[in-house]
Every structure is written in C-alpha cells, then in structure tokens.
Amino acid sequence: MDTRERLIESTRELLWERGYVGTSPKAIQQRSGAGQGSMYHHFSGKPDLALAAIDRTARELRERAEAAFARPGTTVERVAAYLRRERDVLKGCPVGRLTQDPDVMADPGLRRPVEETFAWLTGRIAELLEEGRAAGELDARLDPAATATALVAVLQGGYVLARAAGDPDVFATAVEGALGLLARSAHF
C-alpha cells in the first residue's frame, strides 16, 4: 500500500473511532507511518484528506449494499441480505456516525458524501420495494419511499441502541423487527 493509500485508510479508521476533531494530522501521520511532508504532498490539508476518506467510506458502503441488493431472490430476501449483513455493530455505522460530528455536518464539502450516501441508500431500497410491488411480491398499498426511509432509520437507530446497550444483539433485534413488518406486506 502506497503512502497516499495509508493516509486515506488511517484517516478512515480515525474518523470512525474519534470523529473529525479527534483526528489530528499528527494522529493520522502516526497511524499511517507517513511524515508530515508526505501528507501535505498528497493532500492540501486535513479537510482534503478527510474528504478522500469519507468519499472512500461512502463508496464502499454503497458497494456492499449493492452486492446484497443485486443478488438473486425476492425483494424482501435482498433487502434482508443487506440489513443482516455482517457489521461491526458496536463501532456504529462509519457513515452514520459522521452525522453526529458537528464539524463534518458544518462543512458542505464533508457533509456532501454523507448526504449523498443516505439519499442513494434510501432511494435504492425504495426502487427495490417498487420492483417488489410491481412484481406482485409486495402489497400494492406499500409506500416504497416511506418504507425505505423507515428501514434506513431502523438500521441507524439499531446501531445507536446497540452501542448504548453495549450489545450487538439489540441491532439484530431491530433489524428482525423491521423485516417482520416488511414481511407483512409480502405475498408469498
């Protein structure tokens, strides 16, 4: 892994662990093993490096989600595959946690990939639910946009509840509850 990659990966880890304020250039350099000169050779400063890290995290979240959504199966099975996929629940969502960071949310450039990721995720789930409705898998009365928003909210809330309880099973319970509600709209 080259220096630029080490800097991005180290920043991603630190943002997830400590947030933007807690991710100092010195901490990034220590974690990555890169010197100050290398950091500023590749990036104009901490905001530029943080944006590269957030963009990468957001892209990977979308790729993992799409892998679950694109698999064979019914709409409910594909949504369930995404919601049930393996996660480090007690660390929280690497994108969702950024919404709690006032410095990220105050900076339009850093906020953009967070907003875009949640808009994409909600929209993609709504597309799947609409496909399920059109195919007769789901009740025609189901509102795909509202249901997708609720599913994303349950996912993010599940992280919060699990972290508060110190128990990843709380996340799994939230996901299973949401899937149980979605299954009530399914025609199998």
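Below you will find a few notes about this structure. (Residues numbered from 1 in each chain as written. Predicted model: local features only at pLDDT ≥ 70, side-chain atom pairs only at ≥ 80, totals over all residues. Heavy atoms only, no water.)

Quick word on the pattern of salt bridges
Opposite charge on two side chains makes pairing possible when the charged atoms of those side chains draw close.
Then step 1. All told, the structure shown has 16 salt bridges when counted by the stated rule.
Then step 2. Across the pair Glu-13 and Arg-31 runs a salt bridge, and its minimum N-O distance is 3.0 Å. In this pair, Glu-13 sits in helix α1 (residues 3–18) while Arg-31 sits in helix α2 (residues 25–32), placing the two residues 18 residues apart along the sequence.
Then step 3. A relative accessible area of 35% places Glu-13 in the partly exposed class. (Salt bridge = Lys/Arg side-chain N within 4 Å of Asp/Glu carboxyl O. Helix = DSSP H or I, 4+ residues; strand = E, 2+ residues; numbered from the N terminus. Buried < 20%, exposed > 50% of the residue type's maximum accessible area, 1.4 Å probe, protein only.)

Quick look at the side chain of Arg-87
Then step 1. Along the chain, Arg-87 turns up in the loop between α5 (75–84) and α6 (102–106).
Then step 2. Comment: no salt bridge for buried Arg-87; closest opposite-charge side chain is Glu-176, at 9.6 Å.
Then step 3. At 2.9 Å, the side chain of Arg-87 forms a polar contact with the backbone oxygen of Leu-83.
Then step 4. Only 3.2 Å separates the side chain of Arg-87 from the backbone oxygen of Arg-85, close enough to count as a polar contact.
Then step 5. When neighbours within four sequence positions are excluded, Arg-87 is seen to be in contact with Tyr-82, Leu-155, Tyr-159 and Phe-171. (Lys, Arg positive; Asp, Glu negative; His and termini not counted. Polar contact = N/O pair within 3.5 Å; in protein donor to acceptor, adjacent residues only side chain to side chain. Contact = heavy atoms within 4.5 Å.)

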